[in-house]
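Per-entry structural report
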Amino acid sequence: MGYLRSSFVFFLLTFVTYTYATSFEVRNNCPYTVWAASTPIGGGRRLDRGQTWVINAPRGTSMARIWGRTNCNFDGAGRGSCQTGDCGGVLQCTGWGKPPNTLAEYALNQFSNLDFWDISLVDGFNIPMTFAPTNPSGGKCHSIQCTANINGECPAALRVPGGCNNPCTTFGGQQYCCTQGPCGPTELSKFFKQRCPDAYSYPQDDPTSTFTCPSDSTNYRVVFCPNGVTSPNFPLEMPSSTDEVAK
C-alpha cells in the first residue's frame, strides 16, 4: 500500500507540474550546430540542424531567457567555451550568456493573467530568431522575428567574431546602458531597430517591443535561423562541431 500511495502522490505531482507549465519548443534550423541555452529553466542542450528541445517552464517563471551559443567546444563533463553566448564555460547554463547573443525573453502569468515576452538585441545579435505563440490569438499575441543580415551589416565598431555586439558592452555609459534613469535611442540602437522592428534595440525600448498572450492557453516556439539557409543567416565565422557531449 505504501508503494501504491507513493506512486499516486508522484503521479499527482507530475500532473500538477505539467498542468501548470508552459511549453517552449526550441528548434535549430541553422546549417550548423547551435548549443541552446535557457535560464532559469532548462540549462543547455546541443542542437544539430533540425533538432528540437522542449522546455517546460512553471507558470510564474520570470526574468527568463532562451538563446543560442555558437562555436562551442565542451568536454565529457560539460565544461568548455563558446565563441558567442558563453555562460561561464559550462554546457548547462545557470547564469546569463556573454554578449553578443540574440535573446528570447519571457515572464509567465504576470499582470492580468498574461505572459510577457520579447526578442531582445540589448545584448547584441549572433543568430537569427523567431519567437511565436503556437496558438496566436491576435492583438499582441502573434509571431515576432529578427532575421535580418545583422552580422553582415554590423557597424565596424560593434563587429566581433561570431556576431554584432551591443553599444553598452562596447562603449559603456548612460547613453547606451540606461542604468541611471531615462534614455532614448541612439544611432547605433537604430541600426538594430531598423532591421528588426519587433525587437528591443536598447534597454528602454518597451512600447514597440513587448508582447503578451493569455497565460492559461499559450505555448511557444523559438526557432534559430527560421529561413534555414546560409545567407543572410550565417554568422561571421563558421562554427565548428567539435563538441562530443551527448545530444
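Residues numbered from 1 in each chain as written. Predicted model: local features only at pLDDT ≥ 70, side-chain atom pairs only at ≥ 80, totals over all residues. Heavy atoms only, no water.

A count of helical and extended segments in the chain gives five helices and 14 strands. For the chain, the proportion of its 247 residues judged to be buried stands at 48%. In the chain, the proportion of contacts linking residues at least 24 apart, taken out of those at least 6 apart, comes to 65%. Summed over all atoms, the accessible surface of the chain reaches about 11300 Å², with 55% contributed by carbon and sulfur. (Helix = DSSP H or I, 4+ residues; strand = E, 2+ residues; numbered from the N terminus. Buried < 20%, exposed > 50% of the residue type's maximum accessible area, 1.4 Å probe, protein only. Contact = heavy atoms within 4.5 Å. Areas by Shrake-Rupley, 256 points an atom, 1.4 Å probe, with all protein chains shown as cover.)

Low-pLDDT portions of the prediction should not be read for the details of their coordinates. In the predicted model, the chain carries a mean pLDDT of 87, and the fraction of residues at 70 or more is 85%. When the criterion is pLDDT under 50, residues 3-18 qualifies, and its contacts beyond four places in sequence or with other chains add up to one contact. Contacts for the low-pLDDT stretch residues 230-247, under 50 throughout, to residues beyond four places or in other chains number 52 contacts. (pLDDT = per-residue confidence, 0-100.)

Moving on: unusual backbone geometry. Between Thr39 and the following residue, Pro40, the backbone shows a cis peptide bond with an omega angle of 0°. On the secondary structure map, Pro40 appears in the loop between strand E2 (34-39) and strand E3 (43-47). That bond from Pro99 to Pro100 is cis: its omega, 5°, falls within 30 degrees of zero. Its location among the elements puts Pro100 in the loop between strand E6 (80-84) and strand E7 (103-107). A positive phi angle, close to 50°, is found at Asn71, a residue other than glycine.

To continue, consider helix H5 (residues 187-195). All of the buried residues in H5 are Leu188, Ser189, Phe191, Phe192 and Lys193. Against the buried residues of H5 lie helix H2 (150-153), strand E12 (163-164), helix H3 (167-171) and helix H4 (174-177).

A separate point is the packing of aromatic side chains. Counted according to the given criterion, the structure contains nine aromatic pairs. Centre to centre, the rings of Phe24 and Tyr106 are 4.1 Å apart; their planes meet at 25°, and the pair counts as stacked. Of this pair, Phe24 sits in strand E1 (residues 21-28) while Tyr106 is found in strand E7, placing the two residues 82 residues apart along the sequence. Of the two residues examined, Phe24 and Tyr106, each falls in the buried class. Ring geometry for Trp117 versus Phe131: centroids 4.9 Å apart, planes at 65°, classification edge-to-face. Of this pair, Trp117 sits in strand E8 (residues 114-120) while Phe131 sits in strand E9 (residues 129-133); the two residues are 14 residues apart in sequence, bridging distant segments of the chain. A relative accessible area of 0% means that Trp117 is categorised as buried. Three or more aromatic residues joined by ring pairs form one cluster here, namely Phe24, Tyr106, Trp117, Phe131, Phe211 and Tyr220. (Phe/Tyr/Trp six-rings, centres within 6.5 Å; stacked < 30°, edge-to-face > 60°.)

With that settled, the discussion passes to the state of the cysteines. Under the criterion given, the structure shown has eight disulfides. Each sulfur in the disulfide pair Cys30 and Cys225 lies 2.0 Å from the other. Residues Cys30 and Cys225 share a disulfide whose torsion about the S-S bond is about 85°; that sign makes it right-handed. Here Cys30, found in the loop between E1 and E2, pairs with Cys225, found in the segment after strand E14 (220-224); they are 195 residues apart in sequence, far enough to count as distant. In this structure Cys225 comes out as buried when scored by relative accessible area, which is 0%. Across the disulfide, Cys168 is cross-linked to Cys177 (sulfur-sulfur distance 2.0 Å). Around the S-S axis, the bridge from Cys168 to Cys177 shows a dihedral of about 100° and counts as right-handed. (Disulfide = S-S within 2.5 Å.)

Right, let's talk about the sheet that holds E9 for a bit. Spatially, five strands are ordered E4-E1-E14-E9-E10 in an open sheet, and the strand pairing comes out mixed. Taken across any chain shown, the strands that pair with only one partner, and hence form the sheet edges, are strand E4 (52-58) and strand E10 (144-146). Averaged over all adjacent pairs, the angle separating strand axes in this sheet is 15°, with direction ignored. Sheet topology note: the E1/E14 ladder contains five bridges and is parallel. Along E14, the bridge assignment pairs Phe24 with Tyr220. (Pairing = 2+ DSSP bridges. Axes fitted to C-alpha atoms, helices over the stretch in contact; angles between N-to-C directions.)

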